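Here's the letter readout for the chains.
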Amino acid sequence: MEERSGPGVGPDDALATAWRDARCGELSELWLDRRVRLAGWVHRVRDLGGVLFIDLRDRAGRVQLAFGSDWCATETLAQARELGSEDVIQVEGEVLRRPPEALNPDLPTGGVEVHVDRLNVISRSAPLPILVAGLTEDTLPSEELRLRHRVLDLRRPEMIHNFEVRHAAVAAAREALSEEGFIEVETPLLTRRTPEGARDYLVPSRVNPGEFYALPQSPQLYKQLLMVAGYDRYFQLARCLRDEDLRADRQPEFTQIDVEMAFVDVDDVLGVCERMLKRMWSRAAGVELEVPFPRLSYGEALERYGTDKPDLRIPWKLVDLTGLLSGIGFGIFDRTVEEGGRVRGFVARGGAALSRGAIATLDELAREVGAKGAMWLKARAEGWSGPLAKYVGGEVGGALHSEHGMEEGDLLLMVAGPDPETGRALDALRREAAARLGALEEGAHRWLWVVDFPLFQADAGSGTPIAAHHPFTMPVEAEPERIRESPLEIIANAYDVVYNGVELASGSIRCHDPEIQRAILEVLGFTRKEAEDRFGFLLEAFRYGAPPHGGYALGLDRTVAMMVGAPSIRDVIAFPKTTAARGLMEGTPSHVEPDDLAGLHIQLCEDD
RNA sequence: GGGGCUGUAGCUCAGUUUGGUUAGAGUGCCGGUCUGUCACACCGGAGGUCGCGGGUUCGAGUCCCGUCAGCCCCGCCA
């Protein structure tokens, strides 16, 4: 466009640039009767013959452009008629109030329109492989195509919204932490392997033949070193990388808000995290969280919900039915109890409405997660029904009512077996039954801390102790002898934030005592030499004055996904990978020429 | 590593159960009409390796085997 013919600046000139005076979606009534220059993408064209409308779109939203013979040169009108979806144009014209019968209350800019008299076609769009405008949930292209044509997908207002929320969340976190005296420090991406559980991504070193860097699974060790260095309060928006299989909520690279602070105890850390989350949710999601969050011990969580990340939107709690339901002649239960197991279950309010088929699905679900199956009992007007019905007459039935609140119309779901089995199964059943019965508290934000995790867990296969959180966690009772003698009984100063059944953050007070640390590493089976090899630099640093310290890490992708209600974190990551860890748009990973590999001192094996 | 779902026009899907004439719809695209639309409307048109390979059959989008891709789940991921 040649010379500016309008006013130099408009009512909101902060965003005015060489190419535009305002953003489309922000064109307010303040602009009425002024000339404006806008630029953006052609969202949609409505050609009515004598008059033509274009929705012009940019990140801020869209505004209606009107082209008509009364105010457009014939040439301009003809040029506008040639425009197609996603062409980039610049226009100039007068901002006018729309005729009363042509207002659009659904659009923030729906009270005004721009009568364009100058049109500059900046860049035309080829025919679109996937649409940007006019998609509904039903016609959304497959995820494969959305990822392949990610630029077009990211243009969709829904996606832009996700990233604006993400930005607001990040900005709020930075602000909240900065206000409390935290400083942001970057730690290396090229690191060495750390004793965390996941597989590392490795990077060959060109100048050190045969040696590799590891990409960090988290900045864990570095942030502890910063504490020893006296940096008090640190945070980082840390990219973390793990070479494990993907899921809807797992990507090989993801971001966590990583926080560490010195001279603190559990309450200090939880307070910082709560205030950070409160600010984030207020700013990014418009939700005011009530802090402090309730706390639940790990043991209690498993007993009442069967999981260490309970969804408190579901009101039902697990109860122990071993005493009540064994010895009443129901063989499966009696056998379980003889084998040292328990019968646990919960009352699903209104669950008697579930069909046999639905219950069969629940049983199947219980088996899928490793239990022998699910038992059920319906309380109906005409009496009990289900496999247990004939065993629960009189006293037992009465107890179900008086002790466990079972009423007519309810369903009792039970699983028998060892605690870990019944817990996993009942957690799955509780979620599924609640979903089917609509028992989920709608629109609720149920936060809690799960605290008092064990320091170690028995490895499922070998039974040997493995770190429940990570090997640098401070036990609550800090005697090295007890750690060596009965490691599985030791409670750790570790905690998780759980939101609506999803673990969003996790942290601990770290071990700054060399004696205790040594005992922990021994229990985990590290020889002195192995420990020295893998993280000697941390142990070394601890020798020169280590403050008590602790922190947490918040999964940013999951958090933002929760805020916007995205089914997958891929919707809040600009360029995510597929479940096969591929980047469909850019084509990653890709083959490398043998020459380039040779330069890295790497040779490929024969394919097997 | 294992289990499941999906793959048909640029896109979203129907058709596959029960093999059979020319594979349909909506949308997008192209052409046309239209001065107040906003999912504009109306008329016309083009557009298909039924993911790929093999097999069964007189005949395969449809049945069988293999394979690729995407998604969901288990394992795995402190």
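Scoring rules and cut-offs
- Residues numbered from 1 in each chain as written.
- Chains lettered and ligands numbered in written order.
- Predicted model: local features only at pLDDT ≥ 70, side-chain atom pairs only at ≥ 80, totals over all residues.
- Heavy atoms only, no water.
- Helix = DSSP H or I, 4+ residues; strand = E, 2+ residues; numbered from the N terminus.
- Contact = heavy atoms within 4.5 Å.
- Areas by Shrake-Rupley, 256 points an atom, 1.4 Å probe, with all protein chains shown as cover.
- Lys, Arg positive; Asp, Glu negative; His and termini not counted.
- Charge placed at Lys NZ, Arg CZ, Asp CG, Glu CD.
- Near = heavy atom within 4 Å.
- Polar contact = N/O pair within 3.5 Å; in protein donor to acceptor, adjacent residues only side chain to side chain.
- Nonpolar A, V, L, I, M, F, W, Y, C, P; charged D, E, K, R; others polar.
- Phe/Tyr/Trp six-rings, centres within 6.5 Å; stacked < 30°, edge-to-face > 60°.
- Buried < 20%, exposed > 50% of the residue type's maximum accessible area, 1.4 Å probe, protein only.
- Pairing = 2+ DSSP bridges.
- Axes fitted to C-alpha atoms, helices over the stretch in contact; angles between N-to-C directions.
- Parallel < 35°, antiparallel > 145°, perpendicular 65-115°, else oblique.
- Left-handed = near helix turned anticlockwise from the far one by under 90°.
- Core = buried A, V, L, I, M, F, W, Y, C linked by side-chain atoms within 4.5 Å.
- Disulfide = S-S within 2.5 Å.
- Arc of directions from axis to C-beta.

A. Here's a closer look at the overall build of chain A. Helix and strand content of chain A: 17 helices and 22 strands. Seen along its three principal axes, the alpha-carbon backbone of chain A occupies a region of about 90 × 75 × 55 Å. Here the analysis covers contacts within chain A between residues at least 6 apart in sequence; of these, 68% occur between residues at least 24 apart. Total accessible area on chain A is roughly 29300 Å²; 50% of this is exposed by carbon and sulfur atoms. Charge separation in chain A, taken as the distance between the mean sites of 69 positive and 99 negative side-chain charges, equals 1 Å.

B. Region of the structure containing the protein's contact with RNA strand B. Around RNA strand B lies a shell of 50 residues, among which D47, A102, A468, H469 and T579 are the nearest. At 2.4 Å, a backbone N or O of A102 approaches a base nitrogen of RNA strand B. Between L103 and RNA strand B, the recorded distance is 3.5 Å, taken from a backbone N or O atom to a base nitrogen. Breaking the surface near RNA strand B down by element, the ones donating at least two residues are strand 1 (35–47), strand 2 (51–58), strand 5 (112–123) and helix 2 (143–148). The class makeup of the residues in the surface near RNA strand B is 18 nonpolar, 16 polar and 16 charged.

C. Here's a closer look at the packing of aromatic side chains. Applying the stated rule across the entire model yields twelve aromatic pairs. On the numbers, 4.9 Å between centres and 50° between planes, the contact of W281 with Y499 is tilted. Of this pair, W281 sits in helix 6 (residues 266–285) while Y499 sits in strand 20 (residues 494–499), placing them 218 residues apart in sequence. Here the two residues W281 and Y499 agree in accessibility, since each one is buried. In this structure an aromatic cluster arises from ring pairing among W281, F293, W447, W449, Y495 and Y499.

D. Representation of the pairing of strand 17 (residues 447–451) in the model. Most of strand 17 is tucked away: five of the five residues are buried. On strand 17, burial covers both faces: W447, W449 and V451 on one face and L448 and V450 on the other are all buried. Examined bridge by bridge, strand 11 (residues 295–297) and strand 17 share three bridges and lie parallel to one another. Residue pairing for strand 17: L296 is matched across the bridge by V450. Taken together, the five bridges between strand 17 and strand 20 define a ladder with antiparallel strand orientation. Each residue of the ladder has a partner; that of W449, found in strand 20, is V497.

E. Here's a closer look at the packing of helix 10 (residues 356–368) against helix 12 (residues 419–437). Across the interface, helix 10 lies against helix 12 with an axial gap of 9 Å and an inter-helix angle of 150°. Relative to helix 12, the element helix 10 lies roughly antiparallel. Our pair here, helix 10 against helix 12, has a crossing hand that is right-handed. Contacts from A358, T361, L362, L365 and A366 in helix 10 reach A425, A428, L429, E432, A433 and R436 in helix 12. Classifying every residue of the contact of helix 10 with helix 12 by side-chain character gives eight nonpolar, one polar and two charged.

F. Spotlight on unusual backbone geometry. Looking along the chain, the bond that leaves V291 and enters P292 is cis, with omega of -5°. Here P292 is to be found in the loop between helix 6 and strand 11. In this structure, P589 follows T588 across a cis peptide bond, with omega equal to -10°. Positive phi, close to 65°, is recorded for D33, a residue that is not glycine. Looking at where D33 falls in the secondary structure, it is placed in the segment before strand 1. The phi torsion at E86 lies on the positive side, around 70°, for a residue other than glycine.

G. Quick peek at the nonpolar core. With 79 residues, the main nonpolar core has L277 and M280 as its most contacted residues. Take this core: its biggest share by element is ten residues, from helix 6. L277 has contacts with L289, F293, W447, V497 and L554, leaving out every residue within four places of it along the chain.

H. Quick peek at the state of the cysteines. Tallying each qualifying case throughout the model produces zero disulfides. Free of any disulfide, C72 has its nearest cysteine sulfur in C24, 17 Å distant. Take C72: its relative accessible area is 8%, and that puts it in the buried class.

I. Region of interest: helix 7 (residues 298–305). Within the span of helix 7, buried status applies to Y298, A301 and Y305. In an axial view of helix 7, the angular spread of the buried residues amounts to 65°, which keeps them on one side of the axis. Close packing links the buried residues of helix 7 with strand 11, helix 12, strand 17 and strand 18 (456–458).

J. Fine view of the sheet that holds strand 15 (residues 383–385). Judged by pairing direction, the sheet is antiparallel, and its five strands sit side by side in the order 12-13-16-14-15 without closing on themselves. Edge positions in the sheet fall to strand 12 (319–320) and strand 15, since each of these pairs with one other strand and no more. Relative to strand 16 (residues 411–417), strand 13 (residues 342–348) runs antiparallel, the two sharing seven bridges. Bridge pairing in strand 16 places R344 opposite V415. Of the strands in this sheet, strand 13, strand 14 (375–380) and strand 16 are in contact with helix 9 (residues 331–338), which crosses strand 16 at around 40°.

K. The arrangement of the sheet that holds strand 2 in detail. Strand order in this closed barrel of five strands is 1-2-3-5-4, and the pairing throughout is mixed. For this sheet, the mean angle separating the axes of adjacent strands, direction not counted, is 55°. For strand 2 and strand 3 (residues 61–68), the ladder comprises eight bridges, and the chain directions are antiparallel. Counterpart to F53 in the pairing with strand 3 is A66.

L. Expanded view of the environment of V560. Looking at the element boundaries, V560 is found in helix 16 (residues 556–564). Along the primary structure V560 and V91 are separated by 469 residues, whereas in three dimensions their C-alpha atoms are 36 Å apart. Leave out the neighbours within four places in its chain, and V560 touches N162, V165, R166, A169 and V572.

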